[in-house]
Structure formats: C-alpha cells, structure tokens
Amino acid sequence: MAASISGVFSESLQNAILQCKVLIVGAGGIGCEILKNLVMTGFNDIEIIDLDTIDVSNLNRQFLFHKQHVGKSKAAVAKETALTFNPDVKIVHYHDSITSSDYGLSFFKKFTLVMNALDNRAARNHVNRMCLAADVPLIESGTAGYEGQVELIKKGLSQCYECTPKAAQKTFPGCTIRNTPSEPIHCIVWAKHLFNQLFGEDDPDQDVSPDTADPEAADTAAEGALQNESNDKGNVDRVSTRGWAENCDYDAEKLFTKLFHDDIKYLLSMDNLWKKRRPPTPLDWSYLPDGVAGCSKDTMESGLKDQQQWSIAKCGSVFKEAVANLSKALKTCQETSPGDHLVWDKDDQNAMDFVAACANIRAHIFGIPQKTRFDIKSMAGNIIPAIATTNAIIAGVVVLHAFRILEHNLKACRSVYLRLKMNHRNQLLVPEKFVNPPNPKCYVCAPTPQAVLAADTTKMTIKELDETVLKARLNMIAPDVMIDGKGIVVISSEEGETEGNNEKTLEQVGIRDGTVLKVDDFHQNYSLTVTVLQREQPSVKDESPDFLIVADDEDLKPKEDITISEKPSTSNGKVEKVEDDDDIDIVETEISPSTSEADVPKKRKTESPTNNTINKKRKVETNNQHDDDVCIIEDDREVEKVALSVLPAIEEKILTPRKYKSLPDDDCSIVYDGNEDQSTASSPKRSKQLAK
Ligand SMILES: Nc1ncnc2c1ncn2[C@@H]1O[C@H](COP(=O)(O)OP(=O)(O)OP(=O)(O)O)[C@@H](O)[C@H]1O
Ligand SMILES: [Zn+2]
C-alpha cells in the first residue's frame, strides 16, 4: 500500500510513515476514520485501544463495524476490518481503558506519536499527562455535531490539553430545580433526580422535595409550619422519598399525589416565592387534562410516536406504567443483590418514559412549555448528534498533522477548527495563526506545576481533599499527598495506608493556612505543589463554592476592571485566535522546549482507577461529564476568563477596549498567578518526589 503513495508523498515522508509506530486511543467515530486513513496511507505499525464493545447505535457512522459485530470489542473488530483494506499492516489491539495502569510511561514511550479519538475529559486529561511525561507528540481531536477541532500537544512547544480551563459544567441552583423551575431543562433535571430518588442511587444532593432553605422563601408566612419539619439543609425530614414510595408499594396514584399535588401545595405556602412569579398549580390524579396548551389534537398526534406531544392525561398513564415496570425491575435486581439499584439510561424505555412524563407534568404545573419525548431524551441524555462527515473531515486533518510531525515540521501543526458555516474567507476549516505556546502557569505542563487551594481547613475532610479537589477538580487518578517539610503522608494511593485520615479535617492532620502539600500521581507521572489558604466555608445559604483553586490570595480579592478584547466563542475551552480575525493579534513568545523528562520510577497499581464524580453541594449538574468532544464556551464572561489566563502575551495596545466584569463564582476555578515570571517556562525540569 505504501507504494501507492509514491509520487504523492516525498520519499522521506514515505520512509517516516513506514518506520513510525502510532497509537490510536479510541475506536469510535473518529478512531475508525483515523485507522482507515492510516492503513490506506501506508502506516504499517499501529496500535489501537478502546474499552468499549460495539453498540447498534454506532453502526451509522463507525463504518468498520457491521450488524454482526454488535457486542464485540471495538478495537478488535476495527483491527479485523482495517486488515481487509491492507493485510500487511501490523495492528495490535487492546480491549481496555487507556487509564489502566498497564499502560504506563514505557508503553507511551514506544510510540512516535499518539492520536486521541476519545469522547471524555477524564481519558483526554490522562493521555495528555502521559504524553507530556513520555514526551511523545499527541494529536488531540474532537467533534460535536458539525463542529470539530484538531490540535497538536507537544511538550514545551504547544499548549497541553489542560493549559486552558475548560468550560464549566452547566449547573442550576438546587432551589431552582426544587422550588422555582422556569425552563423545560429544570423540569427534566428534577425528573432525573426523582428517578434516582425512587429507583436509583440515593444522592442527598438530588433531593426533589421543596427546599425550605431557599433564601428567597425567607420570612414566608408558612415558614413556621415548614421549618418545624425541615433540617438545616432545607430537606424536609419526613420519610425519605424512597422509603415513602416503598411504604406505599409504589402505588402510582399515591406517588403522583405526593409529588404533583401535596408537594406543590407545600411550595405554594412559601408565599415569597410567588410574589413575582406565576404560582404553580397542583394537579389532581382524577382530573388530568387531556389537551396540551397551544396544541390541537391533530398537532399533538402528528409525526413520529416519539415526537408527539403528550397530554397530561397521557403523561399520567405513561407515569403509571413506567412506575410499575421500574419498581418491578428494582425488586428483581434487589432479589439477586440486596441494596442494588437501577441506573438511569436514556435508552431504557421505562426510565426514559418516566423522566419524559414527570418532566412534562412538572412543566405543566409551573406553566412551562412541554416537550416531546424525543426532545426530552436529547436534553436529558445531553445528546449532540454525531455526524459521520464531521468525523471523517477531522480524522483527515489528524492524519495531515501526523505527516507534518513525521516531517519534523511541528510548527505547521496549528490547531484547526471545523466550523458550521464558512467564514468571510470561505473557510470551513479555520487554522490558528501559529501553534499556541504552553501556558507557563499551567498546573500540568509548567516546569514546576503549582496551585493554591483556598478551603476551610477546619471543615474540609481528607476524603473531600482526595475526591473533590484532587481527583474531580485536578483530574488526578491516584494521588499521594505529603505535607512538605514534615514528611507526613496524609493521603496514600496504596490501599490500607491512610484510610484512617478520611474523616479527619485538614486541620486535624496538620494542614493549616500556609501549609504546602506535595502531591504526586505516579500513575500519571505528575507532581503538583499545592499551597493551602484558610478560607471560611460559605454558609448553607451562600451560593459560593466550598473551595477554590487559585494561584495566590490576591486572586481571591474582587477583580479590578481589566481591558480585554471581545472574542467569539471558542472550541476546547480556548480563545480562538483564527486567521480571519483582524481585530486581535497575538505576539508569539519564543519558549524553549523544556528539558524535563519524567523519569521517576512508577508506582504500579493493581486495579484500573475509576473516575470519581464531583460531589457538588449546592448545584446540580446537567451535562454528562463524559461528553466533552468540543467544548464551546457560551458565556462571554467565561471567554474573558480564559483569555485572561492564557493570553498574557496579547499586546495591550491592540485590544479593543472593553470592561471586564467580575466573574460569577464557579464551584471551583483555576486562576493562574499573574505575578509569575513567564521565563519559568524554560526553567529546569520539574522534580518528581516520592510522597513517602
Ligand atoms: N478510557 C478510555 N480508554 C479507551 N477508550 C476509550 C476510553 N474512553 C472512551 N473511549 C472510547 O472512545 C471512543 C469515542 O468514540 P465516540 O465519540 O464515537 O463515542 P461512541 O461511544 O462510539 O459513540 P456514542 O457516545 O455516540 O454512543 C469510544 O469508542 C469509547 O469507548
Ligand atoms: Zn499545559
């Protein structure tokens, strides 16, 4: 096959293609296309890894897979089909997660280059860190609908995947979900929480009952009556929703009456909430309306079944049937393993019916437009359609980047964005002006990565530090934490060593204001110095985050107005600096490649790590953490925040004057130290330090 590219590629590129060894991470939409491209252009030493098996829904675009392959390993079948195009290629496949400790530094060092074709942030973060540690070029790619992007990640030369903060998960205040929904999505989130309360994993942060701690409801007339029943978290301490449902044997009418009548009446008694809002209308199970506001019977029943508008009466019958089926399924699964629960899945008919019916009933109660089951599925499942053509275009650009890398022309590997519409230069594929230099304050690829944690050391427990800060916020997999200067290990990634600390507060183990922590994740060959700052925990009624990750205490003070250019939305959490943009220019900073080489012995773990989910206290997540192919920053302020942290080199004189407003509090945010000298980018290698 390589012969067929003679005359197209230079001889040196042909040789480089023949000699290189490539890793493809992910054999989904983009991965299949990349594999086909590589095999067809003469690459003959390829490894591919994917943890998943083939699903029917993959077949429309993952063309290496066919009906008979459903249920089989994606990596194995991708290899098998690709070999039919060119049987001489050496392809090794792994049916496994790339985050497994089996794929350590020496595994990554084998490759000339790595290509990511993933669909989630956790895996991308991990491969990013591994490729930085192994100093192997990584081509990162992603698509979302008609949009896509490709970027090179090369240590010392370009930004890494974590150089810029990613768009925050869209969250809604708990009281909006529980008390005052105003959009369909609020009702959908509430319905998904209700599913978990009744059939799924019980999560106190997903309470669906009226929130009496809602600051807006304060001084309400009915307060006395309500507060007698409520605890300090605003949850009404009656029987739990699950317990109540079990007691009434999941009787649909009783459940409906509690959720859509009694609880609504309860909400109505919180007068303050309805002074400026339309009050909700409790529903009576025996008199459910059989029309939909603004819809004739014909419109309700036209179109595909999934796209029909349900009346509230129909929602009631769907609710009844779904509750019966789900409670039966729950009983069955608990018979085999007591304490087990159901997991919400958009593709499970009963689970989806339940959420669609409940969301629409609640929407009706609050005067919010109803949605079809189809729309609710797409919102609840956070579905962005995957488009085969987008994947194919992006995979093509990935392989073009690979050619540039093999030609040692890395500076030509500028990030490329595939756009929905042509720009004024008739470009659909828009390249950046140059390879984005690394952010010298990046907490991952800076020579000595540093961060400051502002938290209440008297309240935050070691377990929270481990799970919420280090794993969920800083994307570590198996961190070890040592108090610098004292040599005390407070968190060990080895089982059985520091579990006794879990429930202790930071203060109780000797972490106070000013304490410096040395954090190492040997699994990722990653070290970080974290300085702790005491910050009082916000009160329950305060919406601000429990902790912040910042660079220094200056960052905790309110920001002054800063002039910043107005920029369009971005991909992958970055400010887009594209060629067609004439009102902004970037001053390229020459950053010498770091000499750092992570050569510390790796501590091996026996089990694949799992991803931990952030335990948000007051906010409710709507986005699926896993869908993270292209991050579009929708909020202008978020763009400004990114711009502030990543564009230190923008010359002030060329910026369009604009006021910089103070940012809303995120649950946690990374702010880089504005005082840190950029020259640190070329300072000596970051030191790896054993935490014990
Ligand atoms: N940690 C991981 N290790 C290896 N492969 C992974 C890992 N995480 C995700 N993947 C794989 O990356 C691929 C991404 O492909 P794609 O975005 O097309 O998703 P998909 O799961 O095939 O499609 P959809 O999400 O639409 O059903 C998937 O095949 C997925 O299994
Ligand atoms: Zn970085």
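Cut-off values and rules
Residues numbered from 1 in each chain as written. Chains lettered and ligands numbered in written order. Predicted model: local features only at pLDDT ≥ 70, side-chain atom pairs only at ≥ 80, totals over all residues. Heavy atoms only, no water. Helix = DSSP H or I, 4+ residues; strand = E, 2+ residues; numbered from the N terminus. Buried < 20%, exposed > 50% of the residue type's maximum accessible area, 1.4 Å probe, protein only. Contact = heavy atoms within 4.5 Å. Areas by Shrake-Rupley, 256 points an atom, 1.4 Å probe, with all protein chains shown as cover. Donors = N, O, S within 2.8 Å, 3.2 Å for Na, K, Ca; no water. Tetrahedral: all angles 85-135°; square planar, octahedral: opposite > 155°, others 65-115°. Phe/Tyr/Trp six-rings, centres within 6.5 Å; stacked < 30°, edge-to-face > 60°. Near = heavy atom within 4 Å. Polar contact = N/O pair within 3.5 Å; in protein donor to acceptor, adjacent residues only side chain to side chain. Nonpolar A, V, L, I, M, F, W, Y, C, P; charged D, E, K, R; others polar. Pairing = 2+ DSSP bridges. Salt bridge = Lys/Arg side-chain N within 4 Å of Asp/Glu carboxyl O. Axes fitted to C-alpha atoms, helices over the stretch in contact; angles between N-to-C directions. Parallel < 35°, antiparallel > 145°, perpendicular 65-115°, else oblique. Left-handed = near helix turned anticlockwise from the far one by under 90°. pLDDT = per-residue confidence, 0-100. Core = buried A, V, L, I, M, F, W, Y, C linked by side-chain atoms within 4.5 Å. UniProt positions renumbered as here; feature names shortened; annotations may be inferred.

Participant: What exactly am I supposed to notice about the overall build of the protein chain here?
Facilitator: From N to C terminus, the protein chain includes 17 helices and 16 strands. Within the span of the protein chain, comprising 692 residues, buried residues form 55% of the whole. A separation threshold of at least 6 residues defines the contact pool for the protein chain, and within that pool the share at least 24 residues apart is 72%. Here the protein chain displays about 30400 Å² of accessible surface, and carbon together with sulfur accounts for 48% of that area.

Participant: Can you help me understand the coordination of the zinc ion (ligand 2) in this one?
Facilitator: When four donors bind a metal tetrahedrally, each ideal donor-metal-donor angle is 109.5 degrees, and when six bind octahedrally, the ideal angles are 90 or 180 degrees. Around the zinc ion (ligand 2), the protein contributes the donor atoms C160 (SG), C163 (SG), C442 (SG) and C445 (SG), at 2.2 to 2.3 Å from the metal centre. Classification of the site at the zinc ion (ligand 2) as tetrahedral follows from its four donor atoms and the range of 93 to 118 degrees in their angles at the metal. Here the donor residues of the zinc ion (ligand 2) share one chain and are spaced in sequence as C-x2-C-x278-C-x2-C. Of this pair, C160 sits in the loop between β6 (147-153) and β7 (171-173) while C445 sits in the loop between β9 (429-431) and β10 (450-455); the two residues are 285 residues apart in sequence, bridging distant segments of the chain.

Participant: Explain the environment of L64 here, please?
Facilitator: When you line up the elements, L64 lands in the loop between β2 (45-50) and α3 (74-85). L64 gets classed as buried once you look at its relative accessible area, which sits at 0%. For the pair L64 and E33, spaced 31 residues apart in the sequence, the C-alpha separation amounts to 8.5 Å. Look past the residues within four positions of L64 in its chain and what remains in contact with it is C32, L35, H69, V77, A78, T81 and F85.

Participant: Which parts of the structure should I look at to understand the packing of aromatic side chains?
Facilitator: The relation between two aromatic rings is expressed through the spacing of the ring centres and the mutual angle of the planes. Per the counting criterion, the structure on display carries 18 aromatic pairs. Ring geometry for F195 versus F354: centroids 6.2 Å apart, planes at 65 degrees, classification edge-to-face. Remark: F354 occurs in helix α13 (residues 349-365) and F195 occurs in helix α7 (residues 184-198); sequence separation between them is 159 residues. Ring centres 5.9 Å apart and planes at 25 degrees place the aromatic pair F319 and F354 in the stacked group. Placement of F319 in helix α12 (residues 312-336) and of F354 in helix α13 is noted, with a sequence separation of 35 residues between them. Of the two residues, F319 and F354, neither departs from the other in class, the shared state being buried.

Participant: Quick question: what am I supposed to make of unusual backbone geometry here?
Facilitator: Glycine aside, a negative phi is what most residues show, and trans is what most peptide bonds show. Positive phi, close to 60 degrees, is recorded for H408, a residue that is not glycine. One can find H408 in the loop between α15 (388-406) and β8 (416-418). Phi at N475 takes a positive value of approximately 60 degrees, unusual for a residue other than glycine. Turning to its location among the elements, N475 is positioned in the loop between α16 (462-473) and β11 (479-483).

Participant: Sorry, what's going on with the site of ligand 1 here?
Facilitator: Around ligand 1, the surrounding shell holds 18 residues, and the nearest of these are G29, D50, R61, Q62 and K74. At a separation of 3.0 Å, a nitrogen atom of ligand 1 approaches a polar backbone atom of I98. Protein burial of ligand 1: of its 630 Å² of free accessible surface, 80% is covered by the chains. Its residues assigned to classes, the shell around ligand 1 comprises five nonpolar, seven polar and six charged.

Participant: Explain the pairing of strand β4 (residues 113-116) to me, please; I cannot follow it from the model alone.
Facilitator: Consecutive side chains along a regular strand alternate between the two faces of the sheet. Residues L113 and M115 point to one face of β4 and V114 and N116 to the other, with burial holding for every one of them. Pairing analysis gives four bridges linking strand β1 (residues 22-25) to β4, with the strands arranged parallel. When the bridges of β4 are listed, I24 appears paired with M115. Across two bridges, β4 lies against strand β5 (residues 138-144) in parallel orientation. Among the inter-strand pairings, M115 is bridged to a residue of β5, identified as I139.

Participant: Looking at this structure, I do not really get the pattern of salt bridges. What am I missing?
Facilitator: Oppositely charged side chains are able to pair whenever their charged atoms sit close together. Tallied over the entire structure, the rule returns 17 salt bridges. Across the salt bridge formed by K377 and D347, the nearest N and O atoms sit 3.4 Å from each other. Pair noted here: K377 is in helix α14 (residues 373-380) and D347 is in the loop between α12 and α13, with a separation of 30 residues, a long-range link. Residue class for D347 comes out exposed when judged on its relative accessible area of 51%. Salt bridges linked by common partners bring K21, D45, E47, K90 and K110 together as one network.

Participant: Can you walk me through the packing of α7 against α13 in this structure?
Facilitator: Each packed pair of helices is defined by two parameters, the angle between the axes and the distance between the axes. Interhelical geometry of α7 versus α13 gives an angle of 130 degrees and a closest axis separation of 8 Å. When the axes of α7 and α13 are compared, the pair comes out oblique. Taken as a pair, α7 and α13 cross one another with a handedness that is right-handed. Between α7 and α13, the residues in contact are C187, I188, W190, A191, K192, L194, F195 and L198 and A351, F354, V355, C358, A359, R362 and A363, respectively. Looking at the contact of α7 with α13 residue by residue, the class counts come to 13 nonpolar, no polar and two charged.

Participant: Hey, could you run me through the confidence of the model for the protein chain in this one?
Facilitator: In low-pLDDT regions, the fine details of the predicted coordinates are not to be read closely. A residue-level look at the protein chain finds 72% of positions with pLDDT of 70 or above and a mean pLDDT of 78. A low-confidence stretch, residues 221-237 (pLDDT under 50), is modelled with 33 contacts involving residues beyond four sequence positions or located in other chains. Between residues 631-692, whose pLDDT stays under 50, and residues either more than four places distant or in other chains, the model counts 180 contacts.

Participant: Honestly, the environment of K518 in this entry has me stumped. Any pointers?
Facilitator: On the secondary structure map, K518 appears in strand β13 (residues 516-521). A relative accessible area of 19% places K518 in the buried class. A C-alpha to C-alpha distance of 8.8 Å links K518 and T531, two positions 13 residues apart in sequence.

Participant: Where do I start with the nonpolar core in this structure?
Facilitator: Soluble globular proteins: nonpolar side chains tend toward being buried together. Counting residues in each nonpolar core, the largest one holds 56 residues, and the members touching the most others are W190, F195, F199, F260, F319 and F354. Residue assignment for this core shows that the elements contributing at least two residues are α7, α10 (252-268), α12, α13 and α14. With 11 residues, the top contributor of residues to this core is α13. For W190, the contacting residues outside a window of four places in its chain are I177, V208, L259, F260, C358 and R362. Counting 53 residues, the second-largest nonpolar core is a separate cluster that includes L105, C131, I483 and I491.

Participant: Would you explain the UniProt feature "active site" (unreviewed entry) in the protein chain in this entry?
Facilitator: UniProt's entry tags C175 with the feature "active site" (unreviewed entry), counted in the numbering of this structure. Tracing the backbone through its elements, the reader meets C175 in helix α6 (residues 174-178). Residue classification places C175 among the buried positions, given a relative accessible area of 13%. Ignoring anything within four residues of it in the chain, the contact list for C175 reads T180, D211 and D214.

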